[in-house]
Amino acid sequence: MSPNTGMWVSLAVRRVRGRAYEDAPHWVVLGHLAALAAAAAARAGLDFDITVPMRRGRVHLPTLGCAVLADRKPWGAALVTGRDGRVRVIGAGGEVAVPAEPERRARDWIPVRRMTLGAGAGAGAGAGAGAKPLVLEELDPYRTFPRPSEPRLLPPAEAAYWESSLTAAWEVLLRDDPGTAEAMRQGLMSVAPTPVRERFRPHSSTAGDAFGGVTASRPDDVAQLAATLVHEFQHTKLGGLMHLEPLIEAPTASGAPETLFYAPWRDDPRPLGGLLQGIYAFLGVTRFWRTHRHTADPAYAPLAHFEFALWRTQVWAAINSVHGHERLTPLGRYVVERLAARCAAWLTEEVPATPLRLAREAATDHHARWRVHHLRPPAKAVEETVRAWQQGAPRPPSALAAEPLLVPDAEAGFSDSTAVLARYHLSEPDGPWRRPGGVDGADTAEVQLILGERTEARAAFIARLSDKGAPVSAWPGLGRSLAAEPAQQAAAGLLLHHPERARAVQDAIAAMTGRRADPVRLAAWLGS
């Protein structure tokens, strides 16, 4: 039941079937079974001798720790022996005596870092009604998904930050989401820290084959970490359910590509199974923020209100896109219906005006960016529209409103820029994020929009879209800058709901004439 063991089993089976996820030799990957056997024998107090793999001088004994030898070759082998309850690791680079209490640090022995969250943490793993044992995983090569990785030892200050943050996040969960906390007490086994990311863009992951394990980047704050744990544990629970009984039928064997969907939390289109995972994960996130916004520090509450408003909107949109889908099994339909009922009840709950407005803008912008990147109007309709534009027709042909084609754009990115800027605006209104380059993927015009400087933003977006090589995200940005102008509602509506039409027609006009149309005039005509 160790998450790392589950991950190794999965990757080893794939390796036997010819799919490699790491550069380690075959015998090193499969030899990890010997390391598991050594750890089990050591725990049982057996007398034993067994040869195990060594990676760059490190011999990992799962759940116990890691012996460090002087041998730095990429791959090697070491002998692990047990006699009278004492374990030794012997290799070409020397010998390491594992402490009688393996959780103690020694010169060449690094133990697995264990901690206890919750009340009575100092009295042992079972102490206190809210206590939760947890491994802060730094060592096991199979702690990360989908590929193994080298050990990443936390410096003392970093380890202290993680331990204090996890302890505080657990207290928040006990207070604000006790049902999830109780489930985590049984099912969350380890957290593997990964390096810090840009603020408000944390990264975390789980794997269905590594039940109970989470990887997570260094959190910005305690509430974000609590939400991350909820998010990933939702994946863990749904993955467990889907191992027991499928929620969706397998795609037909016709050879046709699987249908892809808009996922309001991703840059890329997602298959049905992936979208269900996201719906379930973010429903849990929404549930957390729904409560936390009322218990958070007053200075943090606007951000918590924003998170609740944003994710209830995004989850509701995703649920509606799959509700009643023909590939849902009876259990899948039941799950989706229950999730829909839960989310629907949250849609009428009040949110303060500013966080609510920013959440709606972020949701609208994310969807518009996704469309402008991944959807393409029919080519013949675009050609017909260009001719109508050149001939001065009063409105575009109806053919342009036909169902667009989904053409995934690998260059799509930073679809969350408006949400990230909104978070900065609510939590640090005068911070350095306002300067050019302050937020990755967000330009000055987007910052101006968040600050309410629509006139300046409009001029900047028009200038971008009038030149060659404009970022496609400028189309939705222009739409947002026009949204408050009564005379520009047709243009704004087109750019916020069907920006792919403006992009396709503008590109065709430029290709045919060498000139680009006025973007506002073109959008107004297309929206007529």
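Coordinates for the structure precede this section.
Values in this document were obtained by computation on a predicted structure and should not be read as measured data.

Before going further, it helps to examine the overall build of the protein. Looking only at helices and strands, the protein has 18 helices and 16 strands in total. Dimensions of the protein, computed from C-alpha atoms along their principal axes, come out at roughly 90 × 50 × 50 Å. Looking at the protein residue by residue over its 528 residues, the buried ones come to 52%. Excluding contacts between residues fewer than 6 apart, the proportion of contacts in the protein whose partners are at least 24 apart in sequence is 65%. Summed over its atoms, the accessible surface of the protein is roughly 23,500 Å², and 55% of this surface lies on carbon and sulfur atoms. Between the averaged position of the 60 positive side-chain charges in the protein and that of its 56 negative side-chain charges there is a distance of 2 Å.

Here the focus is the sheet that holds strand E8 (residues 113–117). If you trace the 5 strands from one edge of the open sheet to the other, you get E8-E9-E10-E12-E11, paired in mixed fashion. Of all strands in the sheet, those with a lone pairing partner are E8 and strand E11 (204–205), marking the two edges. In terms of strand pairing, strand E9 (residues 132–136) meets strand E10 (residues 190–194) through 2 bridges, oriented parallel. Bridge assignment links Leu 136 to a residue of E10, and that residue is Val 191. Packing against the sheet, helix H4 (residues 156–176) makes contact with E8, E9, E10 and strand E12 (213–217), and its axis sits at approximately 30 degrees to E8.

With that settled, consider the packing of helix H8 (residues 301–322) against helix H9 (residues 330–346). Across the interface, H8 lies against H9 with an axial gap of 10 Å and an inter-helix angle of 145 degrees. In the crossing of H8 with H9, the sense of the turn from one axis to the other is left-handed. In contact with Phe 308, Arg 312, Val 315, Trp 316, Ile 319 and Val 322 of H8, H9 contributes Val 336, Leu 339, Ala 340, Cys 343, Ala 344 and Trp 346. Residue composition of the contact of H8 with H9, grouped by class: 11 nonpolar, no polar and 1 charged.

Attention now goes to the packing of aromatic side chains. Inspection of the entire model under this criterion finds 8 aromatic pairs. Consider the rings of Phe 200 and Tyr 424, whose centres lie 4.9 Å apart with planes at 90 degrees: the pair is edge-to-face. Taken together, the residues Phe 200 in the loop between E10 and E11 and Tyr 424 in helix H12 (residues 417–427) connect sequence positions 224 residues apart. Of the residues examined, Phe 200 reaches a relative accessible area of 8% and is grouped as buried. Following the ring pairs from residue to residue traces out a cluster consisting of Phe 200, Tyr 424 and Trp 433. Here Arg 56 stacks its cationic end above the ring of Trp 75, 5.0 Å away from the centre of that ring. Note that Arg 218 overlies the ring of Tyr 161, its terminal NZ or CZ placed 3.6 Å from the centroid.

The next subject is the nonpolar core. Counting 79 residues, the largest nonpolar core has Leu 166, Trp 265, Ile 279, Trp 289 and Phe 306 as the members making the most contacts within it. Tallying contributions element by element places H8 first for this core, with 11 residues. For Phe 306, the residues in contact, after removing those within four places along its chain, are Pro 355, Leu 358, Ala 359, Ala 362, Ala 419, Ala 422, Arg 423 and Leu 426. With 34 residues, the next largest nonpolar core counts Ile 462, Leu 482, Leu 495 and Ala 523 among its residues.

Now for unusual backbone geometry. Following Phe 145, the chain continues into Pro 146 via a peptide bond in cis, with omega recorded as -5 degrees. One can find Pro 146 in the loop between E9 and H4. One non-glycine residue with positive phi stands out, namely Thr 63, at about 75 degrees. If you trace the backbone, Thr 63 turns up in the loop between strand E2 (58–61) and strand E3 (65–68).

Quick notes on the rules
- Residues numbered from 1 in each chain as written.
- Predicted model: local features only at pLDDT ≥ 70, side-chain atom pairs only at ≥ 80, totals over all residues.
- Heavy atoms only, no water.
- Helix = DSSP H or I, 4+ residues; strand = E, 2+ residues; numbered from the N terminus.
- Buried < 20%, exposed > 50% of the residue type's maximum accessible area, 1.4 Å probe, protein only.
- Contact = heavy atoms within 4.5 Å.
- Areas by Shrake-Rupley, 256 points an atom, 1.4 Å probe, with all protein chains shown as cover.
- Lys, Arg positive; Asp, Glu negative; His and termini not counted.
- Charge placed at Lys NZ, Arg CZ, Asp CG, Glu CD.
- Pairing = 2+ DSSP bridges.
- Axes fitted to C-alpha atoms, helices over the stretch in contact; angles between N-to-C directions.
- Left-handed = near helix turned anticlockwise from the far one by under 90°.
- Nonpolar A, V, L, I, M, F, W, Y, C, P; charged D, E, K, R; others polar.
- Phe/Tyr/Trp six-rings, centres within 6.5 Å; stacked < 30°, edge-to-face > 60°.
- Lys NZ or Arg CZ within 6 Å of the ring centre and 35° of its normal.
- Core = buried A, V, L, I, M, F, W, Y, C linked by side-chain atoms within 4.5 Å.

Honestly, that's just the spatial picture; any functional story needs more than this.
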